[in-house]
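A look at the structure
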Amino acid sequence: MPFERLSVVVTRRLPEAVETRMTELFNVELRDEDTPMARDALAEAMRRADILVPTITDTIDQGLLAQAGDKLKLIANFGAGVDNIDVQTARQRGILVSNTPGVLTEDTADMAMALILALMRRIPEGLAIMQAGNWAGWAPTALLGGRVGGRRLGILGMGRIGQAVARRAKAFGMQIHYHNRKRLRPEIETELEATYWDSLDQMVSRMDVISINCPHTPSTFHLMNARRLKLMKPSAVIVNTSRGEVIDENALTRMLRSGEIAGAGLDVYENGTGINPRLRELQNVVLLPHMGSATREGRAEMGEKVIINIKTFADGHRPPDLVVPAML
Ligand code: 8YV
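Residues numbered from 1 in each chain as written. Predicted model: local features only at pLDDT ≥ 70, side-chain atom pairs only at ≥ 80, totals over all residues. Heavy atoms only, no water.

**A short note on unusual backbone geometry**
Here the phi dihedral of Arg 122 falls at roughly 55°; this positive angle occurs in a residue that is not glycine. The partly exposed category is assigned to Arg 122, whose relative accessible area is 27%. Despite not being glycine, His 290 has its phi angle at roughly 35°, a positive value. Looking at where His 290 falls in the secondary structure, it is placed in the loop between strand S12 (285-287) and helix H13 (296-314). (Buried < 20%, exposed > 50% of the residue type's maximum accessible area, 1.4 Å probe, protein only. Helix = DSSP H or I, 4+ residues; strand = E, 2+ residues; numbered from the N terminus.)

Spelled out as structure tokens, the structure:
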């Protein structure tokens, strides 16, 4: 199939350079508006496209896949996480799914570290005082945070991003602990000076900081449920740069309000933009609008990955970043 003829539908505005390159290579339909595509428009796009390029704001479930046209052969997700796509059903219908792993690892890990620092050193509170013109000058007891060095960091999900968080945290003098489906190779554990915990419960109960770095799958949904959150030390904080669904947001909010957990740094939320309003009222949280991978460089590289996946597929080969249900 010559790829010039392939019709590609992109559901969101992408960086200009990515859109330009796609226009040169494919018969591409781009969006003018930068809003999530409505479900009926998405269904329509899936009927007329050979290849769909969605993002996290498109939920491609069984219902939509059932309406897809025979033409649709590849869903080349602009994003690493694929929990917005029913990969299993897509596969059953002969539709391949690819993603963009690897290129947002370092940026996301930077943001996890930024959240840890912001929380522990109370940066948003300091900023708020300065912006309100309320600074009365230095005081020995003002805005005291906790020292980051020496604290125990428990990383939940020690894939590429988890390991990148570990490298950064180690440089800040933190002690690295982790829980993962699979234990890391000994040489990586040695390099990161990381302690493996087979029992997530035991790890959670002993950490000063928890960082969520696992993908959202049926088995990680609410992995940090009310029972596990209760195991955290009252002085501990939790950061999440992965997916909101891994934490029971309502339970977390309750415990932050009651002081059972000291703080939370969140870049992602259980129900997208529908954030628990009580969470927004709290002082001991740092809330960001899912910007962990939002660098110009990262977005350009994500675009390149999408293009390579499409081109490789069009050339009759397996896309390099093919997602197979067994990986999930
Ligand atoms: C992306 C992300 O920006 O790639 C991911 O999995 O979480 C984000 O940082 C987003 O998913 C784009 O679709």
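From this point, the discussion proceeds with the structure in view.
**As for empty space enclosed by the protein**
Within the structure shown, the criterion is met by 1 cavity of 30 Å³ or more. Approximately 40 Å³ is the volume attributed to the largest cavity. In this structure, the largest cavity is lined by Asn 240, Gly 244, Ile 247, Glu 249, Leu 252, Leu 266, Val 268, Tyr 269 and Glu 270. Here the residues of the lining of the largest cavity sort into 5 nonpolar, 2 polar and 2 charged. (1 Å grid on protein atoms, 1.4 Å probe; cavity = no way out; pocket = protein on both sides within 12 Å on 5 of 7 lines; lining within 4 Å. Points joined across faces, edges and corners; volume = space filled by probe spheres on them. Nonpolar A, V, L, I, M, F, W, Y, C, P; charged D, E, K, R; others polar.)

**Points about the site of the ligand**
Around the ligand, a shell composed of Thr 55, Ile 56, Phe 78, Gly 79, Ala 80, Gly 81, Leu 104, Arg 243, His 290, Ser 293 and Arg 299 is seen. In this structure, Arg 243 approaches the ligand through a side-chain N or O atom, which is 2.7 Å from an oxygen atom. Ser 293 has a polar side-chain atom sitting 2.5 Å from an oxygen atom of the ligand. In isolation the ligand exposes 330 Å². Once the protein is present, 89% of that is buried. (Near = heavy atom within 4 Å. Polar contact = N/O pair within 3.5 Å; in protein donor to acceptor, adjacent residues only side chain to side chain. Areas by Shrake-Rupley, 256 points an atom, 1.4 Å probe, with all protein chains shown as cover.)

Honestly, it's all geometry; don't read function into it.
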